[in-house]
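Structure at a glance
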Protein chains: 2
Amino acid sequence: MKNIQSYISENKERFLNELIELLKIPSISADSAYKNDVLKTAEAIKISLEKVGCDTVEICKTDGYPIVYGEKTIDKNLPTILVYGHYDVQPPDPLELWTSPPFEPVIKKTDSHPDGAIYARGACDDKGQMYMHVKAMEFMTTTNQLPCNVKFMIEGEEEVGSANLSNFVKNNQEKLKNDVILISDTGMIANDVPSITTGLRGLSYVQVEVTGPNRDLHSGLYGGAVANPINILTKMIASLHDENNHITIPGFYDKVEELSKEERAEMAKAPFNLENYKKALDIDAVYGEEGYTTNERNSIRPTLDVNGIWGGYTGEGAKTVIASKAYAKISMRLVPHQDWEDITNLFKKHFESIAPKGVKVKVTPHHGGQGYVTPIDSIGYKAASKAYQDTFGKTPIPQRSGGSIPIVSLFEQELKSKTILMGFGLDSDAIHSPNEHFGVWNYLKGIETIPLFYKYFTELSK
Amino acid sequence: MKNIQSYISENKERFLNELIELLKIPSISADSAYKNDVLKTAEAIKISLEKVGCDTVEICKTDGYPIVYGEKTIDKNLPTILVYGHYDVQPPDPLELWTSPPFEPVIKKTDSHPDGAIYARGACDDKGQMYMHVKAMEFMTTTNQLPCNVKFMIEGEEEVGSANLSNFVKNNQEKLKNDVILISDTGMIANDVPSITTGLRGLSYVQVEVTGPNRDLHSGLYGGAVANPINILTKMIASLHDENNHITIPGFYDKVEELSKEERAEMAKAPFNLENYKKALDIDAVYGEEGYTTNERNSIRPTLDVNGIWGGYTGEGAKTVIASKAYAKISMRLVPHQDWEDITNLFKKHFESIAPKGVKVKVTPHHGGQGYVTPIDSIGYKAASKAYQDTFGKTPIPQRSGGSIPIVSLFEQELKSKTILMGFGLDSDAIHSPNEHFGVWNYLKGIETIPLFYKYFTELSK
């Protein structure tokens, strides 16, 4: 496409500043205290889509946070690309571990980002990657090079399960009709090793509550004589993995697809250095399911992790108490063919069944989504691959991600179209963690690569 | 003793109001935010001791909170009773479970307290029981019936391990010289079943910290591939008890005294109704060490309880994170002959040894104390027993308590005198829990019984 590099270098500062303004709004969907900020962010997205030439832009109400929808149709006979992204972000805590405030973006140089990276919650996941598409659109409309029709669907509840997006999609199939869905909400292997995500894990997220005595008790007067909900909770959670770190929930693995030797050999080709991996995390050993490599454990295998646990006295000093209740938030990453609702039910049934006498157990399903796999012989994948070749000078590697974008499998089911996951972030960008950041080089490279996807997808669709 | 009942009924309202004023000060020693309130409480105790006729009262500085010391010597040839108590209280949380604010005392009637009970943190443990001694002293001095010498030692760090009291005792053996130590910081079986505590459990309190990766991680990208500190912590804690709820720490039981069939039979005579016990706690079953009854589990057997646990995301909604760190506060109740420092070392060694590769474990000893047993043929015990007979009309039952007053065994070691534990609280008074309270009847009954102990102890000492 003509002049894309020059256009980017001329507008680089503005592209960065616009994103920085967006990152200043704490759009934390998990915490209702930030409701107004989430809504304010939706407004900001609407305005930005109008500015880059969408014909119609609307803020679509849902039972939760609104969905920003925009479209530009140049010719009904040309293909239509549906861009999905989200404007909400993860909670930033623990705040004390941030080297700069999560909602006061700053650009700092790092080893992986010598040109600098924008530090802020949402910089990579997903405000930065979503905004690449807005700026790519700006380039194509400004230079009259938009080769096809475009639809944008930017939601505000991805970090809390996209509960209302699914209804929106089901009720707007005609409006959302498209030939391919394009999402940048994943990562790539390295700046010099481009990759396209071809698989996502599903998710089941639950909260558990163990109740023992009806009040907190003195641990001296009652210690040893009644079930301590925290001790019991640790026993119950510990029992969910066996000595080989297999998950012990009956039926959990029934539908898990076992990859062939060949597929695993293919996966093993992706560059990976275990020593660097351990060094980056400051751990003396990796840990996981017996019989699988690190890259397999976090992509083609399901997992069960406690994301939070609390109970009893957690303040300063000591309190000799037996708590009445103990809680945990537990999530399971699932692989294709594992149905998240089935797994949630299996978990609930099993967890309740292992509760000893003397306690009551409550399992509250939180949210979830299905896994996803995309073929590498589709027009969409080929178009993406050619685009990367142009801008990175290398053929991207197909890669299964361990993460989840629950909505992707629903898109395929409801809209009958495939999703292409063009992610430009790095694992080291610390999404969901303190000091999340997004490389300036990656941000601009995304803006440069996306229009080429439009070009090749349109050409290959002829 | 003359006129004690009439004196109490004439001054009942004032006795209650003085205690209520004391309970309004939130003297939480575990939380440094309340430092000024703890110090203010020491001042109040000093003034109250001066008012009831102590010759000298001083606030003795320590490296922590001060110790209030007061004494009245009437005749060097008469015995000296050393009264110990504490003016600090447990943290009140969880606040939402209190039916009235913990530091705004109110009197409410209950089934076990038809004459009403004072609801406030510290009402029973230990401000209320400590203040009985101050008012008993008032009666004896005002009516010229003090039969012996008295010393008061009221500390402000009992709820956080009495670290500085031990030094104070070691450095002031002459000043604290006494013939018997009298403490009201325990309970009795029921208002119509008076009992004297003859045994206390020791305590070892530690905090553990499990560190995995050097930052919080996205549970999708890393889930299954690295050790999750919370999952590991639950496994480690769960492994501290076997299937019979025996503690698995090597050497933990080595010095535990096994009671004879006869002693256990004697214990079993104490009135206990398992159904009422379960009903009061709203549990469908008790839970504990195989082969022992409920009353044995919480008195003659050592225990290991998690008092608090925390890690990861515990806020509203969901966060798919693998925490970098997980924490727990763990306390062990010990029986006589188990040395708390030995046990703390055994725990530390064992807990560190069971940490899998991929995590770092830190064990921080918090505080502790030795268990204690007192004979029932001592002058002190006999004097207490006679006092109860006069005021309750029944011989009190000797009872082992599951609680700990770490300082008691140190008193014996340093001051070479026995401690008599005259407790007037009930198990149902919810000490260390929300809605702690102390029966008005029990408070006044304590004030009535204590002077009789002085009388009989002096007579029996002749």
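Residues numbered from 1 in each chain as written. Chains lettered and ligands numbered in written order. Predicted model: local features only at pLDDT ≥ 70, side-chain atom pairs only at ≥ 80, totals over all residues. Heavy atoms only, no water.

**A closer look at the interface of chain B and chain A**
- Taken together, the contacts link 92 residues of chain B with 92 residues of chain A.
- Roughly 7,800 Å² is buried in total at the junction of chain B and chain A, and carbon and sulfur atoms are behind 52% of that figure.
- The salt bridge involving Asp282(A) is made with Lys360(B); its shortest N-O contact spans 3.7 Å.
- At the boundary of chain B with chain A, the tally comes to 54 residue pairs in polar contact (both at pLDDT 80 or more).
- When residues of the side of chain B that touches chain A are assigned to their parent elements, the largest contribution, 10 residues, is made by strand β11 (residues 303-312) of chain B.
- Counted by class, the side of chain B that touches chain A contains 36 nonpolar, 35 polar and 21 charged residues.
- Here strand β11 (residues 303-312) of chain A runs beside β11(B); their pairing, made up of five bridges, is antiparallel. (Contact = heavy atoms within 4.5 Å. Buried area = accessible area lost by both parts, 1.4 Å probe. Salt bridge = Lys/Arg side-chain N within 4 Å of Asp/Glu carboxyl O. Polar contact = N/O pair within 3.5 Å; in protein donor to acceptor, adjacent residues only side chain to side chain. Helix = DSSP H or I, 4+ residues; strand = E, 2+ residues; numbered from the N terminus. Nonpolar A, V, L, I, M, F, W, Y, C, P; charged D, E, K, R; others polar. Pairing = 2+ DSSP bridges.)

**Concerning the relation of the copies chain B and chain A**
- The operation relating chain B to chain A is a screw motion whose rotation component is 180°, with 0.0 Å of axial translation and a residual RMSD of 0.1 Å. Here the transformation between the copies is reduced to the relation of a two-fold axis. (Least-squares fit on C-alpha atoms with pLDDT ≥ 70 in both.)

**What about the pairing of strand β6 (residues 149-155) of chain A?**
Residue and element names in this part refer to chain A.
- Of all the seven residues making up β6, seven are buried; the element is thus mostly covered by neighbouring parts of the structure.
- Bridge analysis of strand β2 (residues 67-72) against β6 gives five bridges, and the strand direction is antiparallel. Counted as the bridge partner of Lys72 is Val150 from β6.
- Where strand β3 (residues 80-86) lies against β6, seven bridges are found, and the strand directions are parallel. Counterpart to Val83 in the pairing with β6 is Phe152. (Buried < 20%, exposed > 50% of the residue type's maximum accessible area, 1.4 Å probe, protein only.)

**Some points on the domain arrangement of chain A**
All names here are of chain A.
- What the domain assignment reports for chain A is domain 1 (4-200 + 371-460) and domain 2 (205-256 + 302-369).
- One C-alpha centre belongs to domain 1, the other to domain 2; they are set 35 Å apart.
- Each partner contributes to the interface: domain 1 provides 11 residues, whereas domain 2 provides five residues.
- Roughly 620 Å² is buried in total at the junction of domain 1 and domain 2, and carbon and sulfur atoms are behind 57% of that figure. (Domains from an automatic or database assignment.)

**What to know about the environment of Gly251(B)**
- Topologically, Gly251(B) is positioned in the loop between α6 (229-238) and α7 (261-268).
- Taking the C-alpha atoms as reference points, Gly251(B) and Phe347(B), 96 residues apart in sequence, are found 9.6 Å from one another.

**Remarks on the sheet that holds strand β5 (residues 117-119) of chain A**
Residues and elements named next belong to chain A.
- One open sheet accounts for three strands, arranged β4-β5-β18; its pairing is antiparallel. In this open sheet, the two edge strands, each paired with only one partner strand, are β4 (106-108) and β18 (437-439). Pairwise comparison of adjacent strand axes, ignoring direction, gives a mean angle of 30° for this sheet.
- Two strands pair when backbone bridges link them, and β5 and β18 are joined in this way by three bridges, in the antiparallel orientation. Within β18, the residue paired with Ile118 across the bridge is Phe438.
- Packing against the sheet, helix α1 (residues 4-23) makes contact with β4 and β5, and its axis sits at approximately 20° to β5. (Axes fitted to C-alpha atoms, helices over the stretch in contact; angles between N-to-C directions.)

**Overview of the packing of aromatic side chains**
- Counted by the stated rule, this structure contains 28 aromatic pairs over all chains.
- In this structure, Lys386(A) packs its charged tip against the face of Tyr456(A), placed 4.7 Å from the ring centre. (Phe/Tyr/Trp six-rings, centres within 6.5 Å; stacked < 30°, edge-to-face > 60°. Lys NZ or Arg CZ within 6 Å of the ring centre and 35° of its normal.)

**Structural notes on the packing of α1(A) against helix α3 (residues 127-142) of chain A**
Residue and element names in this part refer to chain A.
- At a minimum axis separation of 10 Å, α1 and α3 run at an interaxial angle of 140°. It follows that α1 is oblique to α3 by the angle criterion. Regarding α1 and α3, the two cross each other, and that crossing is right-handed. Each of Ile4, Tyr7, Arg14, Phe15, Glu18, Leu19, Leu22 and Leu23 in α1 lies in contact with α3, whose residues at this interface are Lys127, Gly128, Met130, Tyr131, Lys135, Glu138, Phe139 and Thr142. (Parallel < 35°, antiparallel > 145°, perpendicular 65-115°, else oblique. Left-handed = near helix turned anticlockwise from the far one by under 90°.)

**A few points about helix α2 (residues 35-51) of chain A**
Residue and element names in this part refer to chain A.
- Over its 17 residues, α2 runs 25 Å from end to end, which matches the ideal 24 Å to within 8%, given 1.5 Å per residue.
- Of all the positions in α2, only Val38, Thr41, Ala42, Ile45, Ser48 and Leu49 are classed as buried. In an axial view of α2, the angular spread of the buried residues amounts to 125°, which keeps them on one side of the axis. α2 presents Asn36, Lys40 and Lys51 as exposed residues on the side facing more than 90 degrees away from its buried surface.
- Among the structural elements, α1, β1 (56-60), β2, α3 and β6 are those in contact with the buried residues of α2. (Expected span 1.5 Å × (residues − 1). Arc of directions from axis to C-beta.)

**Focus on the environment of Val206(B)**
- By secondary structure assignment, the location of Val206(B) is in strand β9 (residues 202-211).
- Placed 10 residues apart in sequence, Val206(B) and Asp216(B) show a C-alpha to C-alpha distance of 25 Å.

**A closer look at the confidence of the model for chain A**
- A residue-level look at chain A finds 100% of positions with pLDDT of 70 or above and a mean pLDDT of 95.
- As scored by the predictor, the complex reaches a pTM of 0.79 and an ipTM of 0.79. (pLDDT = per-residue confidence, 0-100.)

**A short note on the side chain of Thr419(B)**
Residues and elements named next belong to chain B.
- The residue Thr419 is located in strand β17 (residues 419-421) in this model.
- Accessibility expressed as a relative area gives 0% for Thr419, which makes it buried.
- Apart from the residues lying within four places of it in its own chain, the contact partners of Thr419 are Ile181, Ile183, Tyr372, Thr374, Val408 and Phe411.

**Observations regarding the UniProt feature "domain: Peptidase M20 dimerisation" (unreviewed entry) in chain A**
- According to UniProt, the feature "domain: Peptidase M20 dimerisation" (unreviewed entry) maps to residues 199-358 of chain A in the numbering used here.
- In the segment residues 199-358 of chain A, helix accounts for 29% and strand for 22%; the C-alpha atoms at its two ends are 43 Å apart. (UniProt positions renumbered as here; feature names shortened; annotations may be inferred.)

**Concerning the side chain of Asn435(B)**
Residue and element names in this part refer to chain B.
- Take Asn435: it is sitting in the loop between β17 and β18 (437-439).
- Given the relative accessible area of 16%, Asn435 is considered buried.
- Polar contacts involving the side chain of Asn435 include one to the main-chain carbonyl oxygen of Leu97, which spans 3.0 Å.
- In this structure Asn435 touches Leu97, Trp98, Thr99, Ser100, Tyr119, Asp429 and Ala430, once residues within four positions along its chain are discounted.

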